[in-house]
Amino acid sequence: MALPPAFHQQLRLLIRANHILHQHGLVDAFGHISIRHPMNRSQYIIAAYDPGAPALVKSRADFIAYHISDSSPVDPDAPQGYSERFIHGEVLKKFPEVMCVIHSHSEAVIPFTLGGVAVRPVFHMAGFLGPDPVAISHNFGHTPSGETSRGLDMLVKSESLGSALASKLSLDRPVVLQHKHGFTTFGTSIEQALYRAIYTQTNCQLLSQAILLAGGDAEKVAYLNREEASACRIMNEKCEDKSFRLWLREVQANSLYENEEGEPEKGKVAGMEV
């Protein structure tokens, strides 16, 4: 059955975005990316548990549609899905502007979720992080009766835990670290969400190296100040397309990554005008 062109384009992008996240070490068998349904804004689409691993998704049959209201499947007979889909449902519920959510267990980021050293931007490609320390979620939520709940397995498997995580995010603070777990970010497009995920990881890699060179003293590191972060965020948003075109070609050239839906159309070229 033919899909509406706008839906098909987003599906093709979503398949390749799964591959790009794997190519860059942000996901392995675990981690996930979702999009708001382009034909129904009250739903979102994310891979099913099988094949699950982002590197292996390749067709529309690999995805499930969920209601944003409660992350229940649109099709009651849908196959098994991700237990942590509530991350995606609750972020999309809180931010109508958001079109894409990414959750990663990046090994470069997790050490910064353990306390003691805050994540702040150290280079121009991470201005979107903002000048203040990135928030950390400790996986606490509240039940409908007002009681506090906690995911002892560190998984966000309920609306209350997903809502608590989403509360740590804002349009100005699009990344949240998850204690002993990983991080979540979002974007108004697939390309923007990918940019933020990949450069959050790169920023943490550089920050780790900078702290070592500073003798272990994170306060000696030269972070972006408020004005620099603001200016760099504008630059980041104008250059997302350039990064994406490279990342897309890398996965297209790797035989591990299959896409039975065809390749996404080339997006418009933005970039900095000087």
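In this text, all values refer to a predicted model and were calculated from it rather than measured experimentally.

## Digging into the overall build of the protein chain
Thought 1: When helices and strands are counted, the protein chain shows 5 helices and 9 strands.
Thought 2: Listing every helix and strand of the protein chain by position from the N terminus yields α-β-β-β-α-β-β-β-β-α-β-β-α-α.
Thought 3: When the backbone C-alpha atoms are referred to their principal axes, the protein chain occupies close to 60 × 55 × 30 Å.
Thought 4: The 274 residues of the protein chain split such that 52% are buried.
Thought 5: In the protein chain, once contacts between residues fewer than 6 apart in sequence are set aside, the share between residues at least 24 apart is 69%.
Thought 6: Total accessible area on the protein chain stands at roughly 12,800 Å², and carbon and sulfur atoms take up 55% of it.
Thought 7: The positive charge centre, built from 25 side chains, and the negative charge centre, built from 30, are 4 Å apart in the protein chain.

## Observations concerning the environment of Pro73
Thought 1: Checked against the element boundaries, Pro73 lands in the loop between β3 (63-67) and α2 (85-94).
Thought 2: Between the C-alpha atoms of Pro73 and Tyr44, which are 29 residues apart in sequence, the distance is 9.6 Å.
Thought 3: In contact with Pro73, other than residues within four places in its own chain, are Ile64, Ala65, Tyr66, His67 and Ala78.

## Quick look at the sheet that holds strand β9 (residues 182-187)
Thought 1: Taken in spatial order, the 7 strands make up an open sheet running β3-β2-β1-β4-β9-β8-β5, and their pairing is mixed. A strand with exactly one partner marks an edge of an open sheet, and here the two such strands are β3 and β5 (136-137).
Thought 2: When β5 meets strand β8 (residues 175-178), the two strands line up parallel, connected through 2 bridges. Within β8, the position partnered with Ser137 by the bridge is Gln178.
Thought 3: Relative to the sheet, helix α1 (residues 5-23) contacts β1 (32-36), β2 (43-47), β3 and β4 (100-104), its axis offset from that of β1 by approximately 160°.
Thought 4: Helix α4 (residues 190-213) rests against β1, β4, β8 and β9 of the sheet, and its axis sits at about 150° to β9.

## Things to note about the packing of aromatic side chains
Geometry of an aromatic ring pair is reported as the spacing of the ring centres plus the angle between the planes.
Thought 1: Under the defined criterion, the tally for this structure stands at 6 aromatic pairs.
Thought 2: Measuring from centroid to centroid gives 4.6 Å for Tyr195 and Tyr199, while their planes differ by 50°, and the two rings are tilted. Of this pair, Tyr195 and Tyr199 both sit in helix α4, 4 residues apart, which is roughly one turn of that helix. Considered together, Tyr195 and Tyr199 belong to a single accessibility category, that of buried residues.
Thought 3: Look at Tyr199 and Trp247: their rings are 6.0 Å apart centre to centre, the planes differ by 45°, and that puts the pair in the tilted class.

Definitions and limits used
- Residues numbered from 1 in each chain as written.
- Predicted model: local features only at pLDDT ≥ 70, side-chain atom pairs only at ≥ 80, totals over all residues.
- Heavy atoms only, no water.
- Helix = DSSP H or I, 4+ residues; strand = E, 2+ residues; numbered from the N terminus.
- Buried < 20%, exposed > 50% of the residue type's maximum accessible area, 1.4 Å probe, protein only.
- Contact = heavy atoms within 4.5 Å.
- Areas by Shrake-Rupley, 256 points an atom, 1.4 Å probe, with all protein chains shown as cover.
- Lys, Arg positive; Asp, Glu negative; His and termini not counted.
- Charge placed at Lys NZ, Arg CZ, Asp CG, Glu CD.
- Pairing = 2+ DSSP bridges.
- Axes fitted to C-alpha atoms, helices over the stretch in contact; angles between N-to-C directions.
- Phe/Tyr/Trp six-rings, centres within 6.5 Å; stacked < 30°, edge-to-face > 60°.

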